[in-house]
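Residue-level listing of the chains:
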Amino acid sequence: MPRVLALALATVLLLLSGCGSGTRVRDFLDDTYERTEILDDTSVYSSPDPVGTTTAAIADAVPPAERQADGGNEYLRYDDDIVIVSAAAGGSTVRVEDLDGRYRSGFFAYLGPGFRPGSPAGTGGSGGPGFGK
């Protein structure tokens, strides 16, 4: 019986450790980049690196559920957040938004299956058309 209990506890801990990737991406951004603006659940950061380098650093540190590029911007979707990296003078701008806003209304659906409201994590987008690493 103790073995079954230990296995059940290990399973619960494993499941809980996979939760909250949105929090982890925000923690990474706070620790790595200079925050320049906060508005409700949206934060904006400044990176001295170009879009591709900044996006790669974020995705390497906290792997997104989906990743896509469009029109010079790169998008990283997490469980609770979407990160948008765009070009700026002297580097890039990193914007992180809570998924309750524009994402839930379908604003990012043009990016592909992983960016449509209700899409399961891990479908489409990663390395697909329009995405350049």
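Residues numbered from 1 in each chain as written. Predicted model: local features only at pLDDT ≥ 70, side-chain atom pairs only at ≥ 80, totals over all residues. Heavy atoms only, no water.

Our focus in this paragraph is the pairing of strand β3 (residues 66-70). Across the 5 residues that make up β3, a large majority, 4, are buried. Pairing of β3 with strand β4 (residues 73-77) involves 5 bridges; the strand directions are antiparallel. Paired with Q68 across the two strands is Y75, which belongs to β4. (Buried < 20%, exposed > 50% of the residue type's maximum accessible area, 1.4 Å probe, protein only. Helix = DSSP H or I, 4+ residues; strand = E, 2+ residues; numbered from the N terminus. Pairing = 2+ DSSP bridges.)

A few words now on the nonpolar core. Counting 15 residues, the largest nonpolar core has L29, I58, Y78, V83 and V94 as its most contacted members. For this core, the elements supplying multiple residues, two or more each, are α2 (21-32), α3 (51-61), β5 (81-88) and β6 (91-98). Filtering out sequence-adjacent residues up to four positions away, V94 remains in contact with L29, S43, V44, Y45, T54, I58, V83, I84 and V85. (Core = buried A, V, L, I, M, F, W, Y, C linked by side-chain atoms within 4.5 Å. Contact = heavy atoms within 4.5 Å.)

Here we take up the packing of aromatic side chains. This model, assessed by the stated rule, comprises 1 aromatic pair. Here the aromatic rings of F28 and Y33 are separated by 6.2 Å at their centres, their planes lie at 80°, and the arrangement is edge-to-face. (Phe/Tyr/Trp six-rings, centres within 6.5 Å; stacked < 30°, edge-to-face > 60°.)

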